[in-house]
Each structure stands twice: as C-alpha cells, then as structure tokens.
2 protein chains.
Amino acid sequence: MSHPHPELAPPPPLADGALRVLPLGGLGEVGRNMAVLEHRGKLLVIDCGVLFPEENQPGVDLILPDFSPIADRLHDVVAIVLTHGHEDHIGAVPYLLRLKPDIPLVGSQLTLALIEAKLKEHRITPYTLPVREGQVEQIGPFGCEFIAVNHSIPDALAVAVRTSAGLVLHTGDFKMDQLPLDGRITDLRAFARLGEEGVDLFMVDSTNAEVPGFTAPERGIGPVLDQVFGRAERRVIVASFASHVHRVQQVLDAADRHGRKVALVGRSMVRNMGVAAELGYLNVPPGVLVDVKRVDELPEDQVVLMCTGSQGEPMAALSRMANRDHRIVVGEGDTVVLASSLIPGNENAVFRVINGLIRLGAKVVHSGNAKVHVSGHASAGELLYCYNIIRPRNVMPVHGEYRHLVANAELAVQTGVPRERVVIVEDGVVVDLVDGVARIAGNVPCGYVYVDGSTVGEITDADLKDRRILGEEGFISVFVVVDAATGKVVAGPEFNTRGFPGEGEERFAQVRTRIVNALTEATSDGNVDAYRLQQVLRRTVGTWVAQVHRRRPMIIPVVVTA
Amino acid sequence: MSHPHPELAPPPPLADGALRVLPLGGLGEVGRNMAVLEHRGKLLVIDCGVLFPEENQPGVDLILPDFSPIADRLHDVVAIVLTHGHEDHIGAVPYLLRLKPDIPLVGSQLTLALIEAKLKEHRITPYTLPVREGQVEQIGPFGCEFIAVNHSIPDALAVAVRTSAGLVLHTGDFKMDQLPLDGRITDLRAFARLGEEGVDLFMVDSTNAEVPGFTAPERGIGPVLDQVFGRAERRVIVASFASHVHRVQQVLDAADRHGRKVALVGRSMVRNMGVAAELGYLNVPPGVLVDVKRVDELPEDQVVLMCTGSQGEPMAALSRMANRDHRIVVGEGDTVVLASSLIPGNENAVFRVINGLIRLGAKVVHSGNAKVHVSGHASAGELLYCYNIIRPRNVMPVHGEYRHLVANAELAVQTGVPRERVVIVEDGVVVDLVDGVARIAGNVPCGYVYVDGSTVGEITDADLKDRRILGEEGFISVFVVVDAATGKVVAGPEFNTRGFPGEGEERFAQVRTRIVNALTEATSDGNVDAYRLQQVLRRTVGTWVAQVHRRRPMIIPVVVTA
C-alpha cells in the first residue's frame, strides 16, 4: 500500500530501554487494526483485525495485516491484547495463531468469547487471559492496565502500557456516551489519573476526528424505534450488525413495549447474541425471543425480524428479501429499519436493497431519513476532552484513513500538544519513544495480505490488476497448433471470448487471415519457437481489437507445436 | 432492468384523441432521462440522456435509453425537446440521430450549443429550433410552451404541452432558488397560470423528494469561497462539473476579489466555459482568465486552477494530481476545493483522491467539511409549493430511483392530489391520459442499452455477468490436442490462468493426471467429439479447483482434434 514516507530507510536497532511502536494495520485505512509494541527484546501486539476489500480488490475475501515484519520474532511476542470484539480488531487472530498457536490472548470476557467462537471454526484452542477494567497485568516487560471504554460493542477496553521507556495509552476504538445503555462509561477518571502520572505516548482513535461536535447517545435510538414500532402496520424487519449488542437490546426492548416477538435471522446474529445473552451482556425480556420457524404462526403485527445485511451484502438476509429470494416474503405494509451506518462504498448496494424493498410495498426507515443509527466513535468534541484531560507528551493518531489521522492530529495541536510531538504515520512506519520523545525511526515493508478462497497471501496486486482488466474488458483467447517442422498452422486459430461483445466465429474472419499471415511470415525463417509465436499472436489480435472495437481486452495467445 | 409491473401486458392501441406517455429512461434510475409523448399518431420526445454505469456494469462506457419501442416509428417523431444541457438529458441524442438525423432538436440557446458541440464530434449537423422562456411553438399536434426553470446549469426550461387530450407540464430538472446568480428564477407565475388553466398531468423531478426542507441558494457558496481563498497560502485548486457555469462563475468572481488568476484545466471545462462565455452565460471579469501554460510564471498565491475530477474519475485532472501523475504538482500549502456533490458509489474513489492530496500536503475542502456545494434539484419543501401552486389533476413523478418517485408521490398526496391520481411507474410502463384521467395502460420491453467501446447494444447482461465473474474469480483455460482417431492426448493439457493464485505449471500436476484419465475414459468408446470432451475437461477442472482452492474461476476448456 502507498504511504507518505516512501523515502524512509529501515529503522536502526532499538536503543536499549527504549520503546518502539510498529503499526502493521489500521493507519491509513479503516480496518485490519494491529500495532506492535517492542521493549527490551519483547513484543506486545495490540489488536489483530481484518480489512474488508474495496471494489478495486475484486474477489478478495479478506485483507490481513502484513505479519512478515515480525514473522521471525513470533517467539518474542508475549501476548496479543484485544481491545474489543469487532472483526477489524480480532478477525486476523486465527491467521496469526496459525503461525504460532500458543501466543496468549488478553481481553475482556465478551471479546474473548467472540474470538474463541471464531477460533473454534479454525480448530484452534487459544491460551487466554481474561481481564476486566481496572485490572493490572505484568506481561513480559509490559505493565498493562486495562480501562473501560464505551463503543458500539460491549466490554471494550483501552490499554495503558507502562515500560521503563514511558507510559503508552492506547484507546482502542471508543466514544464517550455519557448515558450508555449498560452504564459502562469511558473511564475519564482513569484517563485523568494517567494524565497526572504522565502519558508519554497517546495512541488515539481517529475514525470520527473529522466529525464536529459530539456523537449522539445510543439511548436516543430507543424513542425513534418506539415511533417506528408504533406506526408499523404489519411486520417490522430490523437490519443491523451482528455484533451490535446494544442496538439489538433496544430492538428487543422496543418489541417488548409494543407486544411484539423478535426472531433472530442469520447464523452470525444468532451465534453472537447467544454468546452475549449467555454472558449477560444482552438482557432478553422474558418470552420476547421466538424461533424464526415459528413467526408465521404469529399475527404479523406482533412480529419483529432482526437480521443482518444493512450494508447491502448480496448474500445477507435483507438483500435476499429485497430480491424475493428468501423464505421471509416482504410485502405491502411491512416496515424495514436499517439501524446502522452506511459504510462508504456500499451506497449503491444499499440503495438497490432499499429500492427493492420499497417496490415490494415496504416502508423503509434508514439513517438517511430517521435517527436510527449513532456512531461508535468519538467525534472531535469528545477527542478534545480526552486531549485536555490527558495532556499527552506525544500523540500518535491511530485507526483511520490518512485524512482522519491528520484531522485528529490537528485537534491535538489545538489543545496545546506541540506539533513536533504529534507523529502522523501509516502502516509500516516505525515510531520510537526515546527519552520521552516520539520520533519516526524508519520504515518496514508492509503490504496487503489477501485471503482468497483457501489461499492466504498468494493473490498478488498483479493478480488483482488482471482481475480488474478482465472485469472491465473481458478476454479473447486464441489457440493455434503449428507444425513443429514447417511452422504451418495445422489447427486453429480457435477463438474463445468472455465479456467481449458479439458471438460466433465470423467476428474473427478478418483477424484470422491476419494471424495466419503473421505466423507464416514469423516462421518463414524456420523458427517455430512457441513463446515467440505467442507474442506475434498477441500483437496481431491486440492491434486488430484496438482498431476495430476500441477496447483492450486481455489477450491469451496459446501456440502449441505438434 | 427490473420494474414493478412485470405482470403488465403490452398496451392496447391508443384511444383516438388520447395522450400516451412512454418513459424510456430516468424512471427508476438517476440518468438517461427520456420520455415519449404520443398523440394523434405523432411522437414528441422530451430529453434523451445517458446513464453512467455502476460497479455492477463493469467496463461499460455509457448506458442509453432503449429506443426499440419507437425504433419503427421514428418517422412519427416530430421533435426532441431538450430541457437543459446536462449529459443525462442530452447525451443519447447522437445515438438517436444516428437512426434518423433529421429529427429536429428544440431547446434553449445554451442547451443547443452544448448538444451541437457534442454532435460535431459524431459528425452530425442537427436541425434545431432555439426557444426561449415564454415562447409557444406548435410542433405537430403538440402545443409546446416553454417556461424558465432554475437548475445547476443555466438556461433550463420546463415544457407545457397542450393537446386535445389535456395539458401536460414537465418540469425537467429544476429547483426554486429565489436569488439565483443570473436572476433567472423558476417562473412560478407561469406555473400558477397553467394551474388556473388546469394541468391534467404533472411530470415532476423527484431527485430530491426525499430531502426535507429547501435547497440552499447557489449564492451562499460565494462567501465560503471567499473564506477559503482568503486563508489559502499558495495555490487554490477547485474541482467541479464542467457544465456548472454558475459554480465556475463564483470561482472566477472570488478569484477576482482576491487578486488571483484562474486557469481552466481539462478539455471539457475549457470547451464548455468557452461556449458559455461566448453566449454570455459566463461573465469573465477582465484579465482573470489565464492560460494553464502560463500559471507557473505567476506567484502561487495568485493562482486558481479550475478543473474536473470532483467525482474521483481516475482519468480526470484531480485524480492524476493526487497520484502525482499530472504536470500540476500539488504540494504543501496548496488548497483543494471539491465544489460538487458526492455522487453515491463514488465515495471510495473520491476519498482516495482526498487522502492522496492530503498526503501531498494540501488542505482539502469538500462538501463534507464546508458548504461548497448546493444541489440543483428541488427539495420536498419546494415540491410542496409546486403542487399547491399548480394543483395538478394527475401526477407522474419522474427522474429518480424508485425510492425518489415514491417520496415525490407522497408529497403530491399530502397536498391533496387523490392517491389514485398519482401514477408511480418505471421505464417502459405506459401511461395513458384519457378523459382527464391518467392510468397505466401497459408495459413495453425496455432494457439497458450499453455503449462499450465502438459497439452500441452488443454487450449483453450475460456478457456483464461474465465480466463480473472474471473480475471476481479470474479464469483457468485448459488446452488439449487429442488424436482425432484414437482420442489419445497428443499435446497439452496446457494451462493458462489470470487473476488466479500462484504461478507455474506445478500447480496443476494433480489435476493434469485427473484430466488425462478423464479424457482417456471418455474416449474409450472411440467418441472424440470435441464439444463433449470440453465438457469433461470443464467438469474435471471445475471440481478440482472448487475442492482445492474453494473458488469458482471461469474455466475455458479447449479440445482440438488433430
């Protein structure tokens, strides 16, 4: 991936007793969050998440942090601290544990429960150390203190790391909802205490740094749901993220208030809410939950369906309902609520789903026309509070695209952090904390690692470029068998095309003669090297298609000598 | 394309003296706007625009309205009325005139100037009838009155069409800016007069029907630009649409106020603004414009560059600047303004550009962090005014996705239009106005027509599906030469892959044996039919790749008998 310090050299060996921070993901992108702290020869990993591909990474299932910079030092890794249970913070753990399964996982009860469920699918049983807010654990040379923070999933933690080089505070993902559903607020007292002690490096969530003001409280969604449930004539179908326990909590509560039963739809929704309920993070009002198989027995105005697919994911329940491709048949009078954000890049897919549902007669409520979503991240106003409470000596914005990191850095400077004490870096850029000063120390190669089907790291950016060309232009393959002795064409040229206009061999009558002539000329010297003839073939077809079709499809020439 | 009336039959012949409306584009999508009015055997076309493809239409250059429903009746078309000069209203005219070049074009001076410039590139000289607001023209059986409306391009017109079947008012695209830069307001007096006369069918722009309140005035952008220009340390680079004359006007004026010179960058920007200035729609302050070749001679704090690319189009000036692939080198202290909307689906591309510019040290101002854009379409509040002023007997929402059409219909109903007098239809659904009542009369097949390189309408949805599969999965081609007599494999299997993990022939060692065995078995009966053997080949490779790679690449089996 591109980053702003291409000119940097590899970092020198870490000064004795100093602290090094190596971000392997999440800086310069929203996702695959992973930071490595190094001190006295040991490594502490904070989060290990996945990134979901964009349209210019076609076919890719997942994108992982690049482990190669620490691949030969996994025996030095004392633990992986997981700040919360979102995919972009835990999703890559199975791939790291594949390399060394005995690295201990440290996190809150819910976070560990979610990663353990995921690891089970990978047939890995991890070593775990459950921690709570307020708890202090010495992990190798790293003195870790865990602090309650509030986010769009329960039981999230910030982590303060004490070393002889100084105190690092990493917020994880957080916001500062002052009236959270579970009463578990971001512990600003602890932030203040650490500020008094002196935070040498503040690593802080940048996701919403561009958003002015304050993130609205999750609680505010309840009354909106009440309104929607109150007006709904028939069924209510709510789509959200399968990990958003508090959002689901509010749907359960609203359903209970309006005498409706809730059926959870979709494997991930059922699994996660099962875990959350079991551990007491989701309080299910008695009798509110009903099996999806039983909803047809209920009057439609007593039904709520809670499903995934709020991002227009084609395979998710909601998209399939919109396409009349789901056992739940949406119709006139149904109300659909997309209780989630609209992640950039998903707009067309989401609006396709919304249009489909409206065509079927449903009313659709979404963040564009009602307050049915609030962000899980601190906006600029909240970040200013943090900076003023903590008064960090050095700041390193984390978690966001470059624009987010820069916006967060500006907030730090506005609160009085000296500009030269704010380091804006992207993945692979190494920051050393020496004598209380954080400085960029160098740069390690750090690319995208693609999970593609059963392969990890085998798909290259060149393969993706091929896919983009194939996807845009299609291809023409042309096969020719030439006589090994004479070079005479004995079979073909035979054409195959996909994603290219028209049908039938007659399309190629013109280029067929060009090919035969070109090959005859090329072999006139008796040289029938297949590779060379393939180049001739490629050039001949390429020139023809550019002239006649004004397109540049991929051309696959195959010459076999027989 | 999908539409909500699949069950409809083709419409009956039009009742004598009745009026028929056939939408061929723009209803159910934002773009390729085209409506056909039929009366007494004659056809009047209103607009003929293009639609820009979404990510699920890879490689497509443009999407046209489907002309086939009127293809055999082009001799009945009395004119094409063009409401304004945007691509989604005029872009498909060259393709319609290719079929019959002598269909007259009716529109305002600027609109005709823009389409004539475009037609010149297609080597077509059209018959034109320039009209002004207030002008009335009898065109065949259609009595057309043209009404000033205000939009994001100057000289836009609504058209009222009088026939013995009743009066139709088509707004085109419009908003109701009460203090437009050019003082040319949407003529509500005319709307009122027509309302008094009685509007039997009101075809009204739905684009912003979901947006509550009122669209902010274009004029409001001036002070924001003043602020930005005032603070800018070095160059200011403004990106917007090449047709947005008033936006460019405000940039020229702001530059003039701040002692800066403006260079227009990009062919379309230079061409359109040349036309607009020539016709007096763009007032260039004396000495403000400078040739882009001369900007390097000016002090950087006296330079404004006006370019395209505000949607992240990879080939446009702005994207190339962000990628350091443009002669204009963006650097520390430059200010970039994206003075345009963010069209859904372009988010990732636009944010890539923004991140790239910020990495280069530029400050980036965009609609997300400053009021540098206002919409060109009437919001709900303005539409309510229209309905109340006009009090139409029947309403047909136009120009928008299904959700927009439905939202617009609800506004009509709220102002007292009987629900049964509001027809919500998508492309291809025929509406007849008989005895003052508008009813759905039937349905004509109406698909997407893709322009792809030099081909029009040759790329099919099946081809696009192939492109999507190729783009997601890549392909494996397998080439085998078998002995025509014995069926024995004499050459190959030879593998070619693109967009598929790994390299080298060894990947296929395992499946190679499977293939040879499968072919040997298949030909054991002496049947060496190539097609049949290709199916065997496809099945063998397909099974293998699904098992081993858990992917479904396209498989191209070729068996040549020699």
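Worth saying up front: this structure is predicted, and the values here are computed from it rather than measured.

Colleague: Looking at this structure, I do not really get the overall build of chain A. What am I missing?
Modeller: Secondary structure summary: chain A contains 15 helices and 25 strands in total. Its C-alpha atoms put chain A at 85 × 70 × 45 Å along the principal axes. For chain A, buried positions account for 61% of its 562 residues. A separation of at least 24 residues holds for 71% of the contacts in chain A among residues at least 6 apart in sequence. If you sum the accessible surface of chain A, you get close to 21500 Å²; carbon and sulfur atoms cover 52% of it. For chain A, the centre of its 55 positive side-chain charges and the centre of its 68 negative side-chain charges are spaced 3 Å apart.

Colleague: Where do I start with the side chain of B:Glu218 in this structure?
Modeller: Residues and elements named next belong to chain B. You can see Glu 218 is positioned in the loop between strand E12 (201-205) and helix H6 (221-231). For Glu 218, the side chain forms a polar contact with the side chain of Arg 247, separated by 2.7 Å. Leaving out residues up to four positions away in the same chain, Glu 218 has contacts with Lys 175, Asp 177, Leu 181, His 244, His 246, Arg 247, Gln 250 and Val 374.

Colleague: It is not clear to me how the sheet that holds strand E16 (residues 335-338) of chain A should be interpreted in this structure. Could you clarify?
Modeller: Sheets are built from strands paired through backbone hydrogen bonds, the pairs being either parallel or antiparallel. All names here are of chain A. With parallel pairing, the five strands of this open sheet are ordered in space as E14-E15-E13-E16-E17. The open sheet has two free edges, formed respectively by strand E14 (261-264) and strand E17 (363-366), since each of these has just one partner strand. Sheet twist, expressed as the mean angle between neighbouring strand axes with direction ignored, is 20 degrees. One ladder, built from four bridges, connects E14 with strand E15 (residues 303-307); its direction is parallel.

Colleague: Teacher, can you tell me more about the UniProt feature "binding site: Ca(2+)" (unreviewed entry) in chain A here?
Modeller: Cross-referencing UniProt, the feature "binding site: Ca(2+)" (unreviewed entry) maps to A:Gly59, A:Asp61 and A:Asp452 in the present numbering. Taken along the chain, the residues just named run across 394 residues; in space they keep tight, none of their C-alpha pairs more than 7.2 Å apart. Along the chain, the position of A:Asp61 falls in the loop between strand E3 (42-46) and strand E4 (62-64). In contact with A:Asp61, other than residues within four places in its own chain, are A:Pro53, A:Val451, A:Asp452, A:Gly453 and B:Arg551. Relative to the assigned elements, A:Asp452 resides in strand E21 (residues 449-452). Its relative accessible area of 0% is what places A:Asp452 among the buried residues. Every residue in contact with A:Asp452, bar those within four places of it in the chain, is listed here: A:Gly59, A:Val60, A:Asp61, A:Ile459, A:Arg467, B:Pro501 and B:Arg551.

Colleague: Hey, could you run me through the sheet that holds strand E21 (residues 449-452) of chain B in this one?
Modeller: All names here are of chain B. With antiparallel pairing, three strands are arranged side by side in an open sheet as E4-E21-E22. The sheet is open, and its two edges are formed by strand E4 (62-64) and strand E22 (455-456), each paired on a single side. Inspection of the sheet shows E21 paired to E22 by two bridges, in the antiparallel sense. Within E22, the residue paired with Val 451 across the bridge is Val 456.

Colleague: Looking at this structure, I do not really get the relation of the copies chain B and chain A. What am I missing?
Modeller: Put simply, the second copy of the chain is the first one after a rotation about an axis and a shift along it. Placing chain B over chain A gives an RMSD of 0.0 Å and needs a rotation angle of 180 degrees, together with 0.0 Å of translation along the axis. On the angle and the small slide along the axis, the relation comes out as a two-fold axis. When C-alpha positions in chain B are compared against the rotation axis, the closest is assigned to B:Gly471, at 1.9 Å. Here 97% of the contact residues of chain B are again contact residues in chain A; the copies associate through an equivalent surface.

Colleague: Help me understand the packing of helix H4 (residues 109-121) of chain A against helix H8 (residues 267-278) of chain A in this model?
Modeller: Residues and elements named next belong to chain A. For the pair H4 and H8, interaxial distance at closest approach is 10 Å and the crossing angle is 135 degrees. In terms of axis orientation, H4 runs oblique to H8. With respect to the hand of their crossing, H4 and H8 are arranged in right-handed fashion. Where H4 approaches H8, its residues Leu 110, Ala 113, Leu 114, Ala 117 and Glu 121 are matched on the opposing element by Arg 267, Arg 271, Asn 272, Val 275 and Ala 276.

Colleague: Is there a simple way to think about the packing of helix H5 (residues 188-197) of chain B against helix H11 (residues 380-390) of chain B in this case?
Modeller: Residues and elements named next belong to chain B. At their nearest, the axes of H5 and H11 sit 7 Å apart, and the two run at 40 degrees to each other. Considering the angle they form, H5 stands oblique to H11. Residues Leu 188, Phe 191, Ala 192 and Gly 195 of H5 lie in contact with H11, whose contacting residues are Cys 386, Ile 389 and Ile 390.

Colleague: What should I look at first to understand unusual backbone geometry in this one?
Modeller: Most peptide bonds take the trans configuration, and most residues that are not glycine carry a negative phi. In this structure, A:Asp47 is a non-glycine residue whose phi angle is positive, near 65 degrees. Despite not being glycine, B:Arg324 has its phi angle at roughly 55 degrees, a positive value. Its place among the elements puts B:Arg324 in the loop between helix H9 (317-322) and strand E16 (335-338).

Colleague: Help me understand the domain arrangement of chain A, please; the structure alone is not making it clear to me.
Modeller: Size of an interface, as often reported, equals the accessible area lost when the parts are brought together. Per the domain assignment, the segments of chain A are domain 1 (19-213 + 376-453), domain 2 (218-365) and domain 3 (462-561). Between the C-alpha centres of domain 2 of chain A and domain 3 of chain A there is a distance of 53 Å.

Colleague: When you look at the UniProt feature "domain: Metallo-beta-lactamase" (unreviewed entry) in chain A in this model, what are you seeing that I'm missing?
Modeller: UniProt marks residues 31-225 of chain A with the feature "domain: Metallo-beta-lactamase" (unreviewed entry), using the numbering shown here. In the segment residues 31-225 of chain A, helix accounts for 22% and strand for 29%; the C-alpha atoms at its two ends are 29 Å apart.

What counts, and where the lines are drawn
- Residues numbered from 1 in each chain as written.
- Chains lettered and ligands numbered in written order.
- Predicted model: local features only at pLDDT ≥ 70, side-chain atom pairs only at ≥ 80, totals over all residues.
- Heavy atoms only, no water.
- Helix = DSSP H or I, 4+ residues; strand = E, 2+ residues; numbered from the N terminus.
- Buried < 20%, exposed > 50% of the residue type's maximum accessible area, 1.4 Å probe, protein only.
- Contact = heavy atoms within 4.5 Å.
- Areas by Shrake-Rupley, 256 points an atom, 1.4 Å probe, with all protein chains shown as cover.
- Lys, Arg positive; Asp, Glu negative; His and termini not counted.
- Charge placed at Lys NZ, Arg CZ, Asp CG, Glu CD.
- Polar contact = N/O pair within 3.5 Å; in protein donor to acceptor, adjacent residues only side chain to side chain.
- Pairing = 2+ DSSP bridges.
- Axes fitted to C-alpha atoms, helices over the stretch in contact; angles between N-to-C directions.
- UniProt positions renumbered as here; feature names shortened; annotations may be inferred.
- Least-squares fit on C-alpha atoms with pLDDT ≥ 70 in both.
- Parallel < 35°, antiparallel > 145°, perpendicular 65-115°, else oblique.
- Left-handed = near helix turned anticlockwise from the far one by under 90°.
- Domains from an automatic or database assignment.

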